Amino acid sequence: MVFAKLLLSPMPHARVRRMDASAALAMPGVEGILTADDIPETEAPNEASLTNEPHYEGEPILAIAAIDEETAAAAVEAVDIEFEPLPFVLDPMESLRPGGPNARSQGNTMAGRDLSTIKWDSVNWNEYDRGTMPLGGEVTDEWEVGDVEAGFAEADLVLDETVFSASLSHQPLETRTSMAYWQNGKCYMHASTQSTARTEGGTARALGIDPTDLVLIAEYCGGGFGSKIAGCPQDQISGLLSRKVGKPVMLRVTRQEENFFGKARPGIQARAKFGFRSDGRVVALDLMMVQDGGPYGRSGDYMSCADQASLMYQPEHMRVRGLTIYTNTPPRAAQRAPGGVQAVAMFAPIVDNAAKQLGIDRLEIIRVNAPEGQAVFGRPRQGVQGNVSSAFVKEAVDKARDEFDWAGMQARSKQRNGTKVTGIGVALSSYSAGASGVDGLLVIRPDGKVEIHNGAGNLGTESFSDTSRAAMEALDTPWEQAEIVWGDTSKHLPWSAVQAGSMTTHAHTRSNWAAGLQAKQFLQEIAAAQLGGSPGDFTVSNGRVYRSGSPSQGLSFGRAAELAIRAGGKFDGHELPEDINEMTTRAATGLAGRGLVSAAKDNFETGGRNMSYAIGFAEVEVDIETGAVQLKDYKVASDAGTILHPQNFGAQLHGGGIQGFGVALGQKWVMDPQWGLHVAKRFYSNRPPTILDVPTEREMAWTAADLPDPFNPVGCKGIGEAPVGAGAGAVLNAIADALGDDVHFNRSPIMRDMILTKLNPEVPEAHNLLTTHV
Amino acid sequence: MGDVEHIQTAEQQGVSRRSFIKGVIATGASVSASNYVLRGGHGVALAQAPGSVERLVTLTVNGQQRRVDVMPQETLATTLRYKLGLTGTKIGCDRAECGACTVLVDGVAHYSCSTLTHQVRGREVMTIEGLEGADGSLHPVQQAVVDLQGFQCAFCMSGFVMNMVELTNENPDATRAEAAQHLSGNLCRCVDYNRILNVAEKACELTRNGMRS
């Protein structure tokens, strides 16, 4: 095996003017080089693995393979390369300003399928310079339901705020390292990816090969949070370089490199105008959002931000306008509840402020607006809004009010202990909780085991394994009889959901239920053929299929599997359903003849978009001398249908919440505005929450409505996303609560200096409310 | 497990931070471009810097004597993972920020990414692979992880587990807050800290109840 090292762009936007690698390639131990000229062209605005026109500091330009990393690094240093600096911009608002620079040579945004340039010529930039998001500029996306002006006319309280949420690196603890080798024309790649089935196609395309010529091995993923949903462009480097040098290539990505190209959540600069009735009900909502798009892709966090606002606050009248502006900062990607976290971070403080102004209980204002049943929400399609499959938010709120002793919590608000003041915060967060329409695949083997195949991926949430229980439940057979196959495309994996967006739990309980039911049907048919009678006469239970009421007249799963192989056809995978995905067909064909093979598509009714909900309750102590914030307690209530696995469910609620603490309390970038370079590029400077940031007086609590979603066969929904916003919003509201009922923050994260400035209004703000990366 | 202790340890071994850096520069490592530095030495002429140390050394790892060819600037994490095949130790940052590489040296938790392999000659190194008893019995910390299903993606797990082993040895009566202080040199990005503290408490409890440690 040889090792690769990368040459990274030293500038935020540049063009390679001249490059001579001959000295590097002549060094002993150097095996070869891969440049942007060696890789298939990438269509704008997508990110390539290597480029001759870098759009951010740290973007990979070329890779060199050598017998060891030190030699590869020395060779990278020996490359004679010259960059031509190009104009760059770090802040979307600066690019929108007339005469402002564009992040890309062809423009600063996408209009339809093309890169184009938008400048806000007509808006009042003096207003912006005073910290107010200007209105009236051109946007690329807009929608409206109801009549927003009429809505404001009937409002008793209107809050018109400029708000900001920061860009935030994913920082998975395992960097996006990959290793690849070629054997008999096939590429074998070990990569760090969240999803297995959904990574195969894109990676094969990037390597210029057929998916059948790629073996992707990814049994465990050391964190992704949305940054490795379907692999990453940099995986291509180990694959192509390996083919070029004819040896296995390992590209170990460093922490600093991960900070550059390991993706980030897009920041949003926005104007949000809320109209409230005197009972706290949101009647009108008007949003204008500018998203920091980084240099590549088309992430649409601001649109999902609007959808979540629509779902959480259920305004009858709502207008949304927004656009993404490219910047010369690291590439953006979905990050755990993309758009949803920004929605809560920006809007929960406004709703909380309204409760205080209207004299309403802060939990009640959440409840009065919360969706219920099959609530409608979001961007209308052909004039009609969609709906959720279920919402038991009010039930969750009611449970939490008692179990968490909301009255007792509130009584501690503003209690003073020396220089420390207690603050209480609560916030609702919603997000998508499941996909549908993917395939289930299982084999009942002659040894009686049920082998359940899953291509979703494994982030350690256990959803890939927990969802297999749906198949065993359909077969009414003990879990111990199951074996799970995952994480390696040579092991015949079906078309599966991404391990992202909380999709897996809902999608794969459905698909495994489908495969389980079909296997049950096959077992009954085999038993009827063998023992006489009709399939309906037979019961499947406890690893056997037997004549109902006469358990002794039946077959073990092992015996039935033997008979399935003998019968062939649809029973052992030689004939397959026509509606399953091509990848599933391939996998099932590979398994044909090994036992009773059941491949089935999830064709169950969806009933709407599957969404789950979390309500965070935070208790903080703010030191009014130093601005330090310490979490004293955090509790979370939720609605995510029936709970599949309580221990993992609780871990998602709390882990998500703590990631939200990072959003509220300190994770952000700092960039040098003069040179466009990163200042905070490691853990200690771009600091995620540590174990000292969580409450330690007692274990954090959680509760759940635990009511079944009517459109999932076992009643469950995903729970990965919604908890993050709940943690962020609850902490933001708690800090404001500690400082006074008239205090609220319009920017996250809340840094200590912001707290001290709030407490001393004579001290001027350190920067404009909307300034990025400071 | 702070820097101070680390430097003291280094000085005990006659290797100061300054000589570590000088050693790296002397061997021609490209510090700026290379966060991970690996050199197998196969086929490449290596200049032995003046004052550099013996390369073929014997290490005691998980109770076994291991002979291994070690460069002067090589970190213990590199030796463990790439020379001795002990890949349970993870490298998350390679700069003493995250603790994923934590191992025990003479029972004390160390960041192996920031410990020179030459510093641990003659000392007992224990990695996660060495925790299980000869009869297959689990260490109390391992048992607690299994019982409570601690950790999500678990890339941080081996580092946390090794640090918890030190905790259960030093202070099995630790409160939740003391456990958090003890483990504060380790990062988890799934931020599963609530469950990690549950695991630490359970491991302490199992230790107090006499489970082997």
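Just so it is clear, the structure is predicted and the values come from calculations on it, not from any experiment. (Residues numbered from 1 in each chain as written. Chains lettered and ligands numbered in written order. Predicted model: local features only at pLDDT ≥ 70, side-chain atom pairs only at ≥ 80, totals over all residues. Heavy atoms only, no water.)

K.L.:
Account for the interface of chain A and chain B, with residues named and values stated.
P.N.:
If you look at the interface, chain A gives 54 residues, while chain B gives 48 residues. When the area that chain A buries against chain B is broken down by residue, the three leading residues are Glu70(A), Leu173(A) and Ile691(A), summing to 19%. Connecting chain A to chain B are one salt bridge. Between Arg682(A) and Glu97(B) there is a salt bridge, with the nearest N and O atoms lying 2.8 Å from each other. Across the contact surface, chain A and chain B share 20 residue pairs in polar contact (both at pLDDT 80 or more). Elements with a contribution of two residues or more to the side of chain A that touches chain B: strand 1 (2-8), helix 2 (69-78), helix 8 (255-261) and helix 19 (646-665) of chain A. If you tally residues by element for the side of chain A that touches chain B, the top one is helix 19 of chain A, at eight residues. Taken together, the residues of the side of chain A that touches chain B sort by class into 21 nonpolar, 21 polar and twelve charged. (Contact = heavy atoms within 4.5 Å. Buried area = accessible area lost by both parts, 1.4 Å probe. Salt bridge = Lys/Arg side-chain N within 4 Å of Asp/Glu carboxyl O. Polar contact = N/O pair within 3.5 Å; in protein donor to acceptor, adjacent residues only side chain to side chain. Helix = DSSP H or I, 4+ residues; strand = E, 2+ residues; numbered from the N terminus. Nonpolar A, V, L, I, M, F, W, Y, C, P; charged D, E, K, R; others polar.)

K.L.:
A description of the packing of helix 11 (residues 362-369) of chain A against helix 12 (residues 393-403) of chain A should follow, citing residues and the corresponding values.
P.N.:
Between two packed helices, what matters for the description is the angle formed by their axes and the separation of those axes. Residue and element names in this part refer to chain A. At their nearest, the axes of helix 11 and helix 12 sit 9 Å apart, and the two run at 160 degrees to each other. The angle between the axes of helix 11 and helix 12 places the two elements in the roughly antiparallel class. Crossing of helix 11 over helix 12 shows left-handed handedness. Residues Leu363, Glu364, Ile366, Arg367 and Val368 of helix 11 form the contact with helix 12, whose own contacting residues are Lys394, Val397, Asp398 and Arg401. Residues that form the contact of helix 11 with helix 12 fall into these classes: four nonpolar, no polar and five charged. (Axes fitted to C-alpha atoms, helices over the stretch in contact; angles between N-to-C directions. Parallel < 35°, antiparallel > 145°, perpendicular 65-115°, else oblique. Left-handed = near helix turned anticlockwise from the far one by under 90°.)

K.L.:
Quick rundown of the pairing of strand 2 (residues 64-69) of chain B? Include the residues and the values.
P.N.:
Residue and element names in this part refer to chain B. Where strand 1 (residues 56-61) lies against strand 2, six bridges are found, and the strand directions are antiparallel. Across the sheet, the residue bridging to Leu56 is Asp69, located in strand 2. Counting the residues in the hairpin turn of strand 1 and strand 2 gives two residues, including Asn62, whose phi is positive at 50 degrees. (Pairing = 2+ DSSP bridges.)

K.L.:
Outline the sheet that holds strand 4 (residues 108-111) of chain B, listing residues and values.
P.N.:
Residue and element names in this part refer to chain B. With mixed pairing, five strands are arranged side by side in an open sheet as 2-1-5-3-4. Looking at the sheet topology across the chains shown, the edges are occupied by strand 2 and strand 4. Going from strand to strand, the sheet's axes swing by 40 degrees on average, the running direction of each strand aside. Bridge analysis of strand 3 (residues 102-105) against strand 5 (residues 124-126) gives two bridges, and the strand direction is antiparallel. Looking at strand 5, one finds that Leu104 is bridged to Met126. Packed on one face of the sheet, helix 5 (residues 157-170) meets strand 3, strand 4 and strand 5 and runs near 35 degrees to strand 3.

K.L.:
Please set out the environment of Asn198(B) residue by residue, giving values where relevant.
P.N.:
Considering the arrangement of structural elements, one finds Asn198(B) in helix 7 (residues 193-208). Between the alpha carbons of Asn198(B) and Leu148(B) there is a distance of 7.7 Å; along the sequence they are 50 residues apart. Excluding residues within four positions of it along the chain, Asn198(B) makes contact with Glu699(A), Leu148(B) and Arg176(B). Of the polar contacts made by the side chain of Asn198(B), one reaches the side chain of Glu699(A); its length is 3.2 Å.

K.L.:
Tell me about the sheet that holds strand 28 (residues 550-556) of chain A, and name the residues and values.
P.N.:
Residue and element names in this part refer to chain A. With respect to topology, three strands assemble into an open sheet ordered 26-27-28, the strand pairing being antiparallel. For this open sheet the edge positions go to strand 26 (538-541) and strand 28, each flanked by a neighbour on one side alone. Neighbouring strand axes in the sheet, compared pairwise and without regard to direction, differ in orientation by 35 degrees on average. Inspection of the sheet shows strand 26 paired to strand 27 (residues 544-547) by four bridges, in the antiparallel sense. What sits directly across from Thr539, in strand 27, is Tyr546. The strands touched by helix 16 (residues 504-531) within the sheet are strand 26, strand 27 and strand 28, with strand 26 carrying the most contacts at an inclination of about 130 degrees. The sheet contacts of helix 17 (residues 557-567) involve strand 26, strand 27 and strand 28, and relative to strand 28 the element is tilted by about 50 degrees.

K.L.:
Give me the lowdown on the confidence of the model for chain B, citing residues and values where you can.
P.N.:
The predicted coordinates ought not to be read in detail in places where the model reports low pLDDT. Residue and element names in this part refer to chain B. When pLDDT is averaged along chain B, the result is 83; 74% of the residues meet or exceed 70. Predicted confidence for residues 1-48 stays below pLDDT 50, and this span has 88 contacts to residues more than four positions away or in other chains. As scored by the predictor, the complex reaches a pTM of 0.94 and an ipTM of 0.96. (pLDDT = per-residue confidence, 0-100.)

K.L.:
I'd like a rundown of empty space enclosed by the protein, residues and numbers included.
P.N.:
A probe as big as a water molecule, rolled over the atoms, marks out the empty space that is left. All names here are of chain A. Taken as a whole, this structure holds six cavities of 30 Å³ or more when the rule is applied. What lines the largest cavity is Met312, Tyr313, Ala348, Val351, Asp352, Arg362, Ile365, Ile366, Val426, Ala427, Leu428 and Asn733. For the lining of the largest cavity, the secondary-structure elements that each account for two or more residues are helix 9 (301-313), helix 10 (340-358), helix 11 and strand 22 (420-432). Taken together, the residues that form the lining of the largest cavity break down as nine nonpolar, one polar and two charged. (1 Å grid on protein atoms, 1.4 Å probe; cavity = no way out; pocket = protein on both sides within 12 Å on 5 of 7 lines; lining within 4 Å. Points joined across faces, edges and corners; volume = space filled by probe spheres on them.)

K.L.:
Which residues make up the domain arrangement of chain A, and what values go with them?
P.N.:
Along its sequence, chain A is carved into domain 1 (1-86) and domain 2 (439-601). Between the C-alpha centres of domain 1 of chain A and domain 2 of chain A the distance comes to 48 Å. (Domains from an automatic or database assignment.)

K.L.:
Lay out the pattern of salt bridges with the relevant residues and their values.
P.N.:
All names here are of chain A. Per the counting criterion, the structure on display carries 52 salt bridges over all chains. The partner of Glu47 in a salt bridge is Lys263, with the nearest N and O atoms 2.9 Å apart. Here Glu47, found in the loop between strand 3 (30-35) and strand 4 (60-66), pairs with Lys263, found in the loop between helix 8 and strand 15 (264-265); they are 216 residues apart in sequence, far enough to count as distant. Judged by its relative accessible area of 14%, Glu47 is buried. The residue Arg321 makes a salt bridge to Asp286 at a minimum N-O spacing of 3.8 Å. (Buried < 20%, exposed > 50% of the residue type's maximum accessible area, 1.4 Å probe, protein only.)

K.L.:
Quick one: what's the story with unusual backbone geometry, residue by residue and with numbers?
P.N.:
Residue and element names in this part refer to chain A. In the segment running from Ala44 into Pro45, the intervening peptide bond is cis, with an omega of 5 degrees. Within the secondary structure, Pro45 sits in the loop between strand 3 and strand 4. At Ala337, a position not held by glycine, the phi torsion is positive, near 65 degrees. With respect to the element layout, Ala337 can be found in the loop between strand 18 (317-325) and helix 10. With a relative accessible area of 1%, Ala337 lands in the buried category.

K.L.:
An account of the packing of helix 4 (residues 140-148) of chain B against helix 7 of chain B is requested, with residue identities and associated values reported.
P.N.:
Residue and element names in this part refer to chain B. Where helix 4 meets helix 7, the axes come as close as 8 Å, and the angle between the chain directions of the two elements is 130 degrees. Judged on the interaxial angle alone, helix 7 and helix 4 are oblique. Here helix 4 and helix 7 pass one another in a crossing that is right-handed. Together, Pro140, Val141, Gln143, Ala144, Val145, Asp147 and Leu148 of helix 4 and Arg195, Asn198, Val199, Lys202, Ala203, Leu206 and Thr207 of helix 7 make up the contact between the two elements.

K.L.:
Can you break down the pairing of strand 11 (residues 178-183) of chain A residue by residue, with the values?
P.N.:
Residue and element names in this part refer to chain A. In this sheet, strand 12 (residues 186-191) lies alongside strand 11 in antiparallel orientation, the contact comprising six bridges. When the bridges of strand 12 are listed, Ser178 appears paired with Ala191. Connecting strand 11 to the antiparallel partner strand 12 that follows it, the hairpin turn spans two residues, and Asn184 within it adopts a positive phi of roughly 50 degrees.

K.L.:
I'd like a description of the domain arrangement of chain B, backed by residues and values.
P.N.:
Residue and element names in this part refer to chain B. Domain boundaries in chain B define domain 1 (3-30 + 59-130) and domain 2 (140-208). Considering only the surface of domain 1 that becomes buried against domain 2, Thr102, Leu104 and Ile128 emerge as the three largest contributors, covering 37% of it. Viewed at the interface, domain 2 and domain 1 are joined by zero salt bridges. Here domain 1 and domain 2 share five residue pairs in polar contact (both at pLDDT 80 or more) between them. Secondary structure elements with two or more residues in the side of domain 1 that touches domain 2: strand 3 and strand 4.

K.L.:
Can you tell me about helix 6 (residues 197-207) of chain A, naming the residues and giving the values?
P.N.:
All names here are of chain A. Within helix 6 the residues assigned to the buried category are Ala197, Thr199, Glu200, Thr203, Ala204 and Leu207. Summarising the axial view, the buried residues of helix 6 lie within an arc of 135 degrees, below the 170-degree limit, and thus occupy one face. Among the structural elements, strand 12, strand 13 (214-217), helix 7 (235-245) and helix 18 (582-591) are those in contact with the buried residues of helix 6. Two residues or fewer past helix 6, Gly208 is found with a positive phi of approximately 70 degrees. (Arc of directions from axis to C-beta.)

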